[in-house]
Amino acid sequence: MNFLRRIVKPQNKEDENFYYELKELLNFKPIKLSHYKKAFTHRSLKLIDKKGNPINYERLEFLGDAILGSVIASYLYKKVPKGDEGYLTQMRSKVVSRVHLNTLGKDLDLTRFVKSNMSTEHFSNNIYGNIFEALIGAIFLDRGYNYCSQFIYEQVILPYVNIERLEGKISSYKGYVIEWCQKNKRKYKFESYEDTGNQNTRHFSVIVTIAGKIMGKGRATSKKKAEEIAAKRVYFAMQSEMENS
């Protein structure tokens, strides 16, 4: 049965092209194309299967996220034997950060495969990382954990994971600022408020004060993004002091 499953060929020209492009991308033969088609299906198509379940990449994204985290955790555990739990957690977070995954998805040009009712111009920047995780989920369902591990090693670890460089990379400026303030016994405050201004889209503004002094401001379409922008400005305003204490 497994032998028959492995010799199934694409049924039409479109599937054949998809198969060979995937094979080149993955560096191994995909078996069940339906998993990969789902990984590149946007929810805007509103597709459902015979049981009424949605057909899009979001559940595969969830699965791929978990597998990616476990493979990176295993690599770091072996690579840095002296790293404690906090260190390993922080390093893994840097590798699987949304910014990093978006870069990976862009580098692999994954949106060329996406089927959607939306123009690619209207995709959020996070779609690159989301699709990358969904692809890992599809690989897991199609070929299992070992093939996932191989793909992640070739596409993530070899080209992108440099321990020394990652150690100096800040994954969350807000977390860094809070940790520094607590360590150095500085009172800090993140104040946020809605700020629509003259725009229809809701925005949030954030003010960060340290020891009663305003050190950074940020504005974005989400509170989390605004906090990160403000914290990043705090970091650059106080970089010398923070890095030397």
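Residues numbered from 1 in each chain as written. Predicted model: local features only at pLDDT ≥ 70, side-chain atom pairs only at ≥ 80, totals over all residues. Heavy atoms only, no water.

Quick word on the packing of helix α4 (residues 58-79) against helix α8 (residues 145-160)
Then comes step 1: The interhelical angle for the contact between α4 and α8, taken along N-to-C directions, is 70 degrees, at an axis separation of 10 Å. Judged by the angle between their axes, α4 and α8 are roughly perpendicular. Where α4 abuts α8, its residues I67, L68, S70, V71, I72 and Y75 lie against Y145, C148, S149, I152, Y153, V156 and I157. (Axes fitted to C-alpha atoms, helices over the stretch in contact; angles between N-to-C directions. Helix = DSSP H or I, 4+ residues; strand = E, 2+ residues; numbered from the N terminus. Parallel < 35°, antiparallel > 145°, perpendicular 65-115°, else oblique. Contact = heavy atoms within 4.5 Å.)

A closer look at the packing of aromatic side chains
Then comes step 1: For the coordinates displayed, the defined rule picks out 11 aromatic pairs.
Then comes step 2: Ring geometry for F28 against Y147: centres 4.8 Å apart, planes inclined by 70 degrees, an arrangement best described as edge-to-face. Residue F28 is found in the loop between α2 (13-26) and α3 (33-39), and its partner Y147 is found in helix α8; the two are separated by 119 residues along the sequence.
Then comes step 3: Accessibility expressed as a relative area gives 27% for Y147, which makes it partly exposed.
Then comes step 4: Note on Y173 and F236: the rings are 6.2 Å apart at their centroids and 40 degrees apart in plane angle, and the pair reads as tilted. Placement of Y173 in helix α10 (residues 173-183) and of F236 in helix α11 (residues 223-237) is noted, with a sequence separation of 63 residues between them.
Then comes step 5: Assessed through its relative accessible area of 16%, Y173 is described here as buried.
Then comes step 6: Through a chain of ring-to-ring contacts, the aromatic side chains of Y173, Y176, Y235 and F236 assemble into a single cluster. (Phe/Tyr/Trp six-rings, centres within 6.5 Å; stacked < 30°, edge-to-face > 60°. Buried < 20%, exposed > 50% of the residue type's maximum accessible area, 1.4 Å probe, protein only.)

Focus: the pattern of salt bridges
Then comes step 1: This structure, assessed with the given rule, holds 10 salt bridges.
Then comes step 2: E133 is paired through a salt bridge with R98; the nearest N and O atoms lie 3.3 Å apart. In this pair, E133 is assigned in helix α7 (residues 127-143) and R98 in helix α6 (residues 98-107), connecting sequence segments 35 residues apart.
Then comes step 3: For E133, a relative accessible area of 1% translates into the label buried.
Then comes step 4: E194 is paired through a salt bridge with R202; the nearest N and O atoms lie 3.4 Å apart. (Salt bridge = Lys/Arg side-chain N within 4 Å of Asp/Glu carboxyl O.)

Re the sheet that holds strand β2 (residues 204-210)
Then comes step 1: Taken in spatial order, the three strands make up an open sheet running β1-β2-β3, and their pairing is antiparallel. On the outer flanks of this sheet lie β1 (188-194) and β3 (213-220), each paired with one strand and no other. Taking the axes of each pair of neighbouring strands and ignoring which way they run, one obtains an average angle of 20 degrees across the sheet.
Then comes step 2: Strand direction decides the pairing type here: β1 and β2, joined by seven bridges, are antiparallel. Its bridge partner being in β2, F190 is matched across the sheet by V208.
Then comes step 3: Where α10 meets the sheet, its contacts fall on β1 and β2, and the angle it forms with β1 comes to roughly 145 degrees.
Then comes step 4: Contacting β1, β2 and β3, α11 crosses the sheet at an angle of about 140 degrees to β3. (Pairing = 2+ DSSP bridges.)

A few points about the environment of V95
Then comes step 1: Here V95 is to be found in helix α5 (residues 85-95).
Then comes step 2: Remark: the alpha-carbon pair of V95 and N27, spanning 68 residues in sequence, is separated by 22 Å.
Then comes step 3: Once you skip the residues sitting within four places of it in the chain, V95 turns out to touch I72, H100, L101, V156, V161 and L166.

A look at the nonpolar core
Then comes step 1: Counting residues in each nonpolar core, the largest one holds 45 residues, and the members touching the most others are Y36, F40, F132, L135 and F151.
Then comes step 2: Those elements giving two or more residues to this core turn out to be α2, α3, α4, α5, α6, α7, α8 and α9 (163-167).
Then comes step 3: Looking at this core element by element, the count peaks at eight residues for α7.
Then comes step 4: If sequence neighbours within four positions are ignored, L135 has contacts with L25, L26, Y36, A39, F40, L110 and F151. (Core = buried A, V, L, I, M, F, W, Y, C linked by side-chain atoms within 4.5 Å.)

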